Amino acid sequence: MELYSNDFCEIKFYPNFAIITVEKDVVFTLEKASSVRKKLRSFYKNKNFVMITHRKNNHQMSEEVYHHGILDNMKGLAIVSNEKSERDKAMIEQRLFDKSFAFFDTIEEAESWAKAYF
């Protein structure tokens, strides 16, 4: 596992999946997504991977990220939270993401899904 962090998020890189945790009260904009994309592109190159977003901190996600901020080799997205409000947000976000999408209560469940994906 390789770890990267900055002032708005932490990313853990694994061979087939990445786990991102966004800091509390951050508005995750297209500009922030661009920074994350650079790190993902550097680590995965053209290799397919899935993204797990661990939503333990309340933050907002700009719709622009789904329209313009997704890498072609990101084949799936898992959202992890045990908060009903996050599940409600995820239902809206799912309509914006045209690839494999899943919601889990625990990070272990999401990791298992990610490992089985390939």
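First things first, this report covers the structure right here in the doc. (Residues numbered from 1 in each chain as written. Predicted model: local features only at pLDDT ≥ 70, side-chain atom pairs only at ≥ 80, totals over all residues. Heavy atoms only, no water.)

## Brief notes about the overall build of the protein chain
Our working definition: Strands here are runs of E lasting at least two residues and helices are runs of H or I lasting at least four, both read from the DSSP assignment and numbered beginning at the N terminus. C-alpha atoms define the radius of gyration, and 2.2 Å times the number of residues to the power 0.38 defines the globule rule. Classification of residues uses two cut-offs on accessible area relative to the type maximum, computed with a 1.4 Å probe and protein chains only: under 20% is buried, over 50% is exposed, and between them is partly exposed. Note on contacts: a residue pair is in contact if any heavy atoms of the two residues lie within 4.5 Å. Surface exposure here means Shrake-Rupley accessible area, sampled with a 1.4 Å probe, where a residue is shielded only by the protein chains that are shown.
Looking only at helices and strands, one finds 4 helices and 8 strands in the protein chain. The C-alpha atoms of the protein chain give 13 Å as radius of gyration, which agrees with the globular expectation for 118 residues (13 Å, within 12%). If one aligns the C-alpha atoms of the protein chain with their principal axes, the spans along those axes are about 35 × 30 × 25 Å. Burial analysis of the protein chain (118 residues in total) assigns 44% to the buried set. In the protein chain, the proportion of contacts linking residues at least 24 apart, taken out of those at least 6 apart, comes to 69%. Taken as a whole, the protein chain presents about 6700 Å² of accessible surface, with 46% of it coming from carbon and sulfur.

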